[in-house]
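The primary structure of each chain is shown beneath.
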Amino acid sequence: MGAIFSFNYSMSGVSAFDRIVIMFCGEGFDSDEYEDAVKFVTDRGLCPHKIVLILNEADYSSVLQRPKAIEQRSLPVNDKSDIYLLKFDSKGELLGLKRISSWGRCSSDLVVSCGFRSSLIRQGMTQIFRKRSAMLDAGHTAYFTNSQKIEQNVKDRRRYFLRASNALSEGSEVLFIAFSLLPYMDDSLTRVHVDTSTITSVIYASFLLRKGSSFPQVHNFKSYQGIEGHVFSLGERNLVIISASQSGKLFEKIKNKIDEKTKILTLFKLSDEIFPDENVICDLRKDKEANPNGYKVHPVLDSDRVKGARPLRMLGEQFVVGLSQAKGVTPAKSDLPKATRDILQSMLGQSIFSCFCLGYEDSVYPLWVRPENIVACKAFKDWIEDIVRRNIPVSVSAIIELDGDEGSKSAAQIISDELKKALGKSIQIISSSQLDDVDDLKESNGAVIVVGGAIGRGRKFLQVSQSLRDVAPKSHRIYLSGICMTESVKDTKFLESNLEYKRHSFQRLLDLHIPRRENFCSWREERELVSIIIDDTDDWETDHGELVRRFFINRRNQLQDGDLIDNVFLNSVDDIVYHLRDNFAFVEEGFSCESISQADVYAVASTLLHRLRLDDAVDKASQLVNNEFEHSVLSPTTFARYNDGVIQAAFLRAAQPVELNFLENDNFSKQMGDLIIDCLNDRNKPQGEAVLEFLLALILGRLTLQTEDMERIRDKCASSASLDVADFMLDVLFQRTEVGKRVNSSLYGW
C-alpha cells in the first residue's frame, strides 16, 4: 500500500489471537501514507493487537520526536493496538525497539530475539511472493524446463516455476526485499552478478537504503544459458544473486566457478535441500510456526506425467504461459498432398512398411521400410524407367550400389537393365566398399549414378559422395532413392544441399516425413509392460490367469525381435488379428484394402499426423501445434469417424502423448471416456476390436483423461463378469485385484 509494505507476522510464543502487523517503510516516511496503511490492514481483517513500524534511522528519529502524531494517525486502531517503532541501520540490523502507544490489550509484550530479523524477512517475502502470484502453474498438460533439449533430464521438469520478477512490481515491496540484502552490501563490493536482469532493481534499492558512496557494477549472466561463458572476476569482492531456485543446481554450478571472496545469495528458494554454504534469503517452505503462509515443496514430475505434456521453455528471461483450452484436430485425407498420397497408396499392401525396427547403429524406429520391397514395386520401376528416359545422360560411366542395402543392389540392376535397353551397352556396377580401388573414373566426365532403395539421414550417400571427390572428381553425380525418410522438410533440404553441391542432383520417388526418435516408440514401453505382466502372473493359477499369460507370452514373442507388419497392434480380446475393412478413408475410392497391412495403416497415420505437426502449409485449424503458446489434441471425433479398429489403433500409436492429453478439455475427455466404455461393452464385436489398444494407451500414460471420466470407466466395468484380457488390463489400470496391484507396482514403482 503506497510507500509502506504491510503484512501479518506470526511470532513464535505469541498467541495466534494476538495479531501482529509489520509495517515497513524503507524511505521517506509520510504520516498520510501511514494512516492509509492502517486503514488498509483493518479493512481486510480484525484489528491488530500490535503494529510494528520499521523505519530508517532518519525517519525513526523524526517520528520519535512526535509520537502523538502517530497516535492521531492510527485511527481506527489507536484505542485498540500497541504501536512499536524499530529502526534499521545501513547493515540491515534492527535496533531501538520502542513502544510509543499502549492500550493494555496485549496478552504479552513484544520481544525481539536474535532470529527476529530473519523470521521477519522470511514471512514478509513469502507473502509478497504469494500476493504477486510469483509461483507459476503450468497446468495439467505442460511442464516448465530450463533445457532447450527434448530429452532433458527429468530433474529439469516441474509443474511449478518460481518467477522472482513477479514479486518485484511494487516499490515498497522492492525496498523490503532490498532491506534483506543490506548485510551483504558495502562500499568494497565491486561487482554483483545476477541470473536475470529483472532483479537489478533490488540491488540498486539496497544501495539507496544504505546510502553508500558508490555503486557496484551489475552483470547479468543469464542463468543456465549463460553460466558457462560468464567470468566472475576472481580476486575481487563479488556477490552473486540467484533470483529463485527449486533445485539448487545453479548454485552448485556457480560454486565451482568462484573463489572465497565471492558470496552466493538466493533470494527465494523452495526445496527440501538447502546446502550448508548456501545463503538463502527467503526459504519459501511452509512451516506451521516459522512460515505459516509458505508453500508445499513440489516434487519433479515423473516420466509418466511428462509423457503427456509439452515443455514450456525459457524465451530470453521469460517463460510463456497463459495457454488457451486445448484445440481438437481431426485429420482428413486432404491433409496429405495428392502427389504424396498417390505414391504412398501405390506402396500399400506390398510389405514395404514395418514397425518397431532395428535401424542403423542399433537405433529403434517406430516405422521403417524394406528397401528390397520398395524397388520391387511397380511404382518404383515406372519411376526408374522415366528417370532413365529423361534424366540419365548418354555419358553415364558407372552405377554405385550401397553395401548392406539389398534394395540398392536390386535397384542398381534395374537401372543397368534399363540403360542397356536405352543405350545398347552395359554400365559397370560398383559396390560402395570397392570405390577406393577404382582407377578408371578419375579422368571421366561421365555421370555416376548412386542408388539406394531407401535412405534416412543419407549417411551412406554422403560417404559415397566423399569418396567420389577423389575417385571421380570430374563426374556429374545423380543420387537416386525410392524413399527418403527424414523428420522434416528442413532435414531433407539439408541433405539435398549437401548432395547437390555444384552440378549434382538428388532425386527420389517419395519424401516421407516421420518422427524417428526412440521416445515416440510405444512398442518399447509395451514390451516392458508385457515382461512385467508375465513375471507377475506366474503364480496365478486360474483360468483367467492362464488365458492372460498365453496372450501376453505370444505378444512378447512378437515384440522380441520387432519388425512388425500384421502384428503391429494388440489382438482383439478374442486373440484375433483384426484387418482393415474396405473403403479405407485415406485411399482413393475403389482401392482394394484386402492386402493392406497394419504397418501400412500406421505408416499413413504417422505420416499424416507428422505433417499436421510440422507443415505450415496445412490450414491453421488442422495443425497439431504443441508449444509454449498452444495445445492441440486429436479430437475424439477422429476415433468416432474412423471407427475401424486398425485405424483407431494406428492413430493411438502414431499420436504423441501430449496429443492425447484431454485434461484441459472437459468435453473431449468425456467423449473419449464414452468411446472407451462403448468399446468395452462391444469388446466381442468389430466395433470394439481395438479396446485393448485404448486400455494399453491408458496404462502407459499415452492417453490421459480427467479423473471423473476415469472413474466412469472404472464404475461401468466394476460389475463385469467377463474373464478376458480386457478385464485383466482394467485390473492393472485401476488396481482392482492383488495381481493388478502387483503389475501396477512393478510398472510404476509404487
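Quantities reported herein were computed from a predicted structural model and do not represent experimental measurements.

Parameters and conventions
- Residues numbered from 1 in each chain as written.
- Predicted model: local features only at pLDDT ≥ 70, side-chain atom pairs only at ≥ 80, totals over all residues.
- Heavy atoms only, no water.
- Salt bridge = Lys/Arg side-chain N within 4 Å of Asp/Glu carboxyl O.
- Helix = DSSP H or I, 4+ residues; strand = E, 2+ residues; numbered from the N terminus.
- Buried < 20%, exposed > 50% of the residue type's maximum accessible area, 1.4 Å probe, protein only.
- Axes fitted to C-alpha atoms, helices over the stretch in contact; angles between N-to-C directions.
- Parallel < 35°, antiparallel > 145°, perpendicular 65-115°, else oblique.
- Contact = heavy atoms within 4.5 Å.
- Nonpolar A, V, L, I, M, F, W, Y, C, P; charged D, E, K, R; others polar.
- pLDDT = per-residue confidence, 0-100.
- Pairing = 2+ DSSP bridges.
- Phe/Tyr/Trp six-rings, centres within 6.5 Å; stacked < 30°, edge-to-face > 60°.
- Lys NZ or Arg CZ within 6 Å of the ring centre and 35° of its normal.
- Right-handed = clockwise from strand over helix to strand, strands pointing away.
- Polar contact = N/O pair within 3.5 Å; in protein donor to acceptor, adjacent residues only side chain to side chain.

Side note on the pattern of salt bridges
Counted under the stated rule, the structure contains 38 salt bridges. Across the salt bridge formed by E27 and K211, the nearest N and O atoms sit 3.2 Å from each other. Here E27, found in the loop between strand 2 (20-24) and helix 1 (31-43), pairs with K211, found in the loop between helix 6 (200-210) and strand 10 (217-220); they are 184 residues apart in sequence, far enough to count as distant. Overall, the relative accessible area of 30% leaves E27 in the partly exposed class. With a relative accessible area of 54%, K211 lands in the exposed category. Residues R99 and D82 are paired through a salt bridge, measuring 3.4 Å at the closest nitrogen-oxygen approach.

Thoughts on the packing of helix 5 (residues 171-181) against helix 6
Packing of helix 5 against helix 6 brings their axes to within 8 Å, and their N-to-C directions diverge by 70°. It follows that helix 5 is roughly perpendicular to helix 6 by the angle criterion. Residues V174, L175, I177, A178, F179 and L181 of helix 5 lie in contact with helix 6, whose contacting residues are S201, V202, A205, S206 and L209. The residue inventory of the contact of helix 5 with helix 6, partitioned by class, reads nine nonpolar, two polar and no charged.

Details of the confidence of the model for the protein chain
This prediction gives the protein chain a mean pLDDT of 85; 88% of its residues lie at or above 70. When pLDDT is averaged over each helix and strand of the protein chain, the minimum, 54, is found for strand 15 (residues 318-319) and the maximum, 96, for helix 20 (residues 645-654). Contacts of residues 104-108 to residues separated by more than four positions or lying in other chains number eleven contacts, the stretch itself having pLDDT below 50.

Regarding the sheet that holds strand 23 (residues 505-513)
Taken together, five strands build an open sheet; the order of strands is 20-19-21-22-23 and the sheet is parallel. Of all the strands in the sheet, just strand 20 (429-431) and strand 23 have a single pairing partner and so form its edges. Between one strand axis and the next, the sheet turns through 15° on average, direction left out of account. Here four bridges tie strand 19 (residues 398-401) to strand 21 (residues 447-455), and the two strands are oriented parallel to one another. Looking at the pairing, A398 lines up with V448 of strand 21.

Some points on the packing of aromatic side chains
Here the structure, examined in full by the defined rule, presents 29 aromatic pairs. Seen from their ring centres, Y9 and F116 are 5.5 Å apart, and the 85° between their planes marks the pair as edge-to-face. Of this pair, Y9 sits in strand 1 (residues 5-9) while F116 sits in helix 4 (residues 116-131); the two residues are 107 residues apart in sequence, bridging distant segments of the chain. By the burial criterion, Y9 is buried, and F116 matches it. Residues F24 and F88 carry aromatic rings whose centres are separated by 5.5 Å and whose planes lie at 25° to one another, so their mutual orientation is stacked. A residue pair is termed long-range when its members are at least 10 positions apart, and F24 in strand 2 and F88 in strand 4 (residues 82-88) qualify at 64 residues. Judged by relative accessible area, which is 0%, F24 ranks as buried. The rings of F5, F7, F24, F88, F176 and F179 are connected pair by pair, giving a single aromatic cluster. Between R117 and the ring centre of F179, over which it is positioned, the NZ or CZ distance is 4.9 Å.

As for the sheet that holds strand 4
Pairing is mixed in the open sheet, where five strands are placed in the order 1-2-3-4-5. In this open sheet, the two strands that pair with only one neighbour each are strand 1 and strand 5 (94-101). Sheet twist, expressed as the mean angle between neighbouring strand axes with direction ignored, is 20°. Summarising the sheet, strand 4 and strand 5 pair through five bridges and their orientation is antiparallel. Note that in strand 5 the partner of Y84 across the bridge is R99. Helix 1 rests against strand 1, strand 2, strand 3 (50-56) and strand 4 of the sheet, and its axis sits at about 150° to strand 2.

So, the pairing of strand 12 (residues 263-269)
Regular strands have side chains that alternate between both faces of the sheet. Of all seven residues making up strand 12, six are buried, and the element is well covered by its neighbours. Note: strand 11 (residues 238-245) against strand 12, six bridges, orientation parallel. Paired with S245 across the bridge in strand 12 is K269. As for the winding sense of the linkage, the β-α-β connection from strand 11 through helix 8 (residues 249-255) to strand 12 is right-handed. The sheet contact formed by strand 12 and strand 13 (residues 279-283) spans four bridges and is parallel. Opposite F268, over in strand 13, you have C282 as the bridge partner.

Digging into the environment of K257
Note that K257 resides in the loop between helix 8 and strand 12. Since its relative accessible area comes to 25%, K257 is described here as partly exposed. Residues K257 and H230, 27 residues apart in the sequence, show an inter-C-alpha distance of 9.2 Å. Here E228 takes part through its backbone oxygen, which lies 3.4 Å from a polar atom of the side chain of K257.

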